[in-house]
Amino acid sequence: MNPKIWLSSPHMGEKEQAYVQEAFDTNWIAPLGPHVNGFEQDLKHFLGGDVEVAALSSGTAALHLALVILGVQAGDEVICQSMTFAASANPIVYQGATPIFVDSEELTWNMCPQFLELAICDRIRLGKKPKAIIVVHLYGMPAQMVEIMRIARHYDIPVIEDAAEALGSTYQGKQVGTFGDISIFSFNGNKIITTSGGGALVSANATYVNKARFLATQALDPAPHYQHSHIGYNYRMSNICAGIGRGQMEILPARVQSRRDNFSFYQRAFGDISEIQCGVEPSPDYHSNHWLTVVLIAGDRFTREDLRLALTADNIDSRPLWKPMHLQPVYEGAPYYGYDTAERLFKNGLCLPSGSNLTHEDLNRVVSRIYETVAMRQTFEDHTSKLIFE
Ligand SMILES: *Cc1c(COP(=O)(O)O)cnc(C)c1O
């Protein structure tokens, strides 16, 4: 059996262990401490300085707090992109609110602005204005944020950017996670950088971020005894995890470059196969971190499953795209505005191994298995001109 090739595995730099050691040496083994503050500053600086950052225990926790801070309550409705990971939508239900799902569009595979507006108008017509909009930058590709923000402002509905997969991506030169009213990032083990597990809530509104820190640490009122006038949560990031994060922030630009190089490699490798289309940036406005390289299978010569099973047989991890939320058993019956774009992407899309720690040998192995499957059977040598990975 060939060695396992993962979809996206943690990739440590050189400094993470030293930061963690420092936490041990100074006994800051707690859900607060200098690394937590430092990691927040690193992120703030990376995002351009105009935002505040609260480091939290996960991206899911950050989304939950974003909804709490925006006042989402039982009985409310929240609009959410349908094609995404369940963690984008589940916190709506934690609040007792109802998700209203919206289809994707062809260019970015993220929330379709037209269906968003249709959903808003229809919910208002039915008597309930949505309390928030959750838009996701899937696989690192920025959503059409300018258009989405224009619509959201017009109807005066706050926007939460789920940028869990998109740290380092920009739209019109601006970092994703700086467009919405509140944004979230994830540092889970499979993301572009990791703290082993963690997340962050980001906003230009310092009151929101202070509230996030307050709610994330059990909502302790200022008093010498334990007094609470809010329901709190235990959602803060630990100082150990933040130490890993500080090391990872130092090499984030290199990680983005590696993932983009992976994408370019796959794009060149599949250039002659019209049935395999890579998810490209639609225009120079979009700069994706290409967290995962995603291909769409067109035509009927082979299916997404043919490729996935061939890769699995050689111990190579690949994954269908996120199954849309409106097709999930747990969200059966939830309102949905759209057509079949998300469904089609799910049916035909495959995420390929995309880690920044993949070797050229790994990447060549992935491509070779795919060449075999599409019965082109070209050898790596035949393609060396396209497979130069400088
Ligand atoms: C990973 C992810 C999350 C959840 O982040 P965690 O840190 O794992 O809780 C939310 N949304 C999207 C789109 C994700 O990919």
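Values in this document were obtained by computation on a predicted structure and should not be read as measured data.

Calculation criteria
Residues numbered from 1 in each chain as written. Predicted model: local features only at pLDDT ≥ 70, side-chain atom pairs only at ≥ 80, totals over all residues. Heavy atoms only, no water. Helix = DSSP H or I, 4+ residues; strand = E, 2+ residues; numbered from the N terminus. Rg over C-alpha atoms; globule rule 2.2 N^0.38 Å. Buried < 20%, exposed > 50% of the residue type's maximum accessible area, 1.4 Å probe, protein only. Contact = heavy atoms within 4.5 Å. Domains from an automatic or database assignment. Buried area = accessible area lost by both parts, 1.4 Å probe. Salt bridge = Lys/Arg side-chain N within 4 Å of Asp/Glu carboxyl O. pLDDT = per-residue confidence, 0-100. Near = heavy atom within 4 Å. Polar contact = N/O pair within 3.5 Å; in protein donor to acceptor, adjacent residues only side chain to side chain. Nonpolar A, V, L, I, M, F, W, Y, C, P; charged D, E, K, R; others polar. Core = buried A, V, L, I, M, F, W, Y, C linked by side-chain atoms within 4.5 Å. Axes fitted to C-alpha atoms, helices over the stretch in contact; angles between N-to-C directions. Parallel < 35°, antiparallel > 145°, perpendicular 65-115°, else oblique. Left-handed = near helix turned anticlockwise from the far one by under 90°. Pairing = 2+ DSSP bridges.

Caption draft 1: Spatial organisation of the overall build of the chain. When you go through the chain residue by residue, the secondary structure sums to 12 helices and 15 strands. Relative to its length of 390 residues, the chain is compact, with a C-alpha radius of gyration of 21 Å against a globular reference of 21 Å. Within the chain, buried positions represent 55% of all 390 residues. Partitioning the intrachain contacts of the chain with sequence separation of at least 6 by distance along the chain shows that 73% fall at a separation of at least 24.

Caption draft 2: Geometry of the domain arrangement of the chain. Looking at the chain, the domain boundaries give domain 1 (16–251) and domain 2 (253–389). Inter-centroid distance (C-alpha atoms) of domain 1 to domain 2 is 27 Å. Summed over both sides, the interface of domain 1 with domain 2 buries roughly 3700 Å², with 63% coming from carbon and sulfur. Applying the counting criterion to the domain 1 and domain 2 interface returns 1 salt bridge. Between Arg344 and Glu106 there is a salt bridge, with its nearest N and O atoms 2.5 Å apart.

Caption draft 3: Region of the structure containing the environment of Ser264. Turning to its location among the elements, Ser264 is positioned in helix α9 (residues 252–269). Owing to a relative accessible area of 28%, Ser264 belongs among the partly exposed residues under this scheme. It is 24 Å that separates the C-alpha atoms of Ser264 and Leu309, two residues lying 45 residues apart in sequence.

Caption draft 4: Examining the confidence of the model for the chain more closely. Averaged over the chain, the pLDDT score is 95; the fraction of residues at 70 or greater is 96%. When the criterion is pLDDT under 50, residues 376–382 qualifies, and its contacts beyond four places in sequence or with other chains add up to 8 contacts.

Caption draft 5: Structural view of the site of the ligand. Around the ligand, the structure places 15 residues, and the nearest of them are Thr60, Asp162, Glu165, Ser186 and Lys191. The contact in question runs from a nitrogen atom of the ligand to an N or O atom on the side chain of Asp162, over 2.7 Å. Side-chain polar atom of Ser186 to an oxygen atom of the ligand: 2.7 Å apart, as the coordinates give it. When grouped by side-chain class, the residues that make up the shell around the ligand number 4 nonpolar, 8 polar and 3 charged.

Caption draft 6: Structural view of the nonpolar core. Ranked by internal contacts, the top residues of the largest apolar core, which has 37 residues, are Phe39, Leu43, Tyr139, Leu167, Phe187 and Leu321. Mapped by element, the contributors of at least two residues to this core are α2 (34–46), β1 (52–56), β9 (199–203), α8 (239–250), α9, β12 (293–297) and α11 (341–348). For this core, the two domains that each supply at least three residues are domain 1 (16–251) and domain 2 (253–389). Among all residues touching Leu43, those that are not within four sequence positions of it are Val53, Leu167, Phe187, Ala200 and Met249. Ranked by size, the runner-up nonpolar core spans 34 residues in total, among them Ala54, Leu65, Ala219 and Tyr235.

Caption draft 7: Representation of the packing of α9 against helix α12 (residues 360–373) within the structure. The contact between α9 and α12 brings their axes to 11 Å, and the two run at 30°. As judged from the angle between their axes, α9 and α12 are roughly parallel. Handedness of the α9/α12 crossing: right-handed. For the pair α9 and α12, contact is made by Asn262, Phe265, Tyr266 and Ala269 and by Leu363, Asn364, Val366, Val367 and Tyr371, respectively. Here the residues of the contact of α9 with α12 sort into 7 nonpolar, 2 polar and no charged.

Caption draft 8: Broad picture of the pairing of β1. With 4 of 5 residues buried, β1 lies mostly within the body of the structure. Relative to β9, β1 runs antiparallel, the two being bridged by 5 bridges. Paired with Leu56 across the strands is Gly199, a residue of β9.

Caption draft 9: Representation of the side chain of Arg304. Here Arg304 is to be found in helix α10 (residues 304–313). In terms of polar contacts, Arg304 uses its side chain to reach the backbone carbonyl oxygen of Phe346, at 2.6 Å. Excluding its chain neighbours within four sequence positions, the residues that come into contact with Arg304 are Ile297, Pro320, Phe346, Lys347, Asn348, Gly349 and Leu350.

Caption draft 10: Expanded view of the sheet that holds strand β7 (residues 174–175). Reading across from one edge, β7-β6-β11 is the order of the 3 strands in this open sheet, with antiparallel pairing throughout. Lying at the two open borders of the sheet, with one neighbouring strand each, are β7 and β11 (286–287). Sheet topology note: the strand β6 (residues 170–171)/β11 ladder contains 2 bridges and is antiparallel. Bridging across to β11, Thr170 finds its partner in His287.

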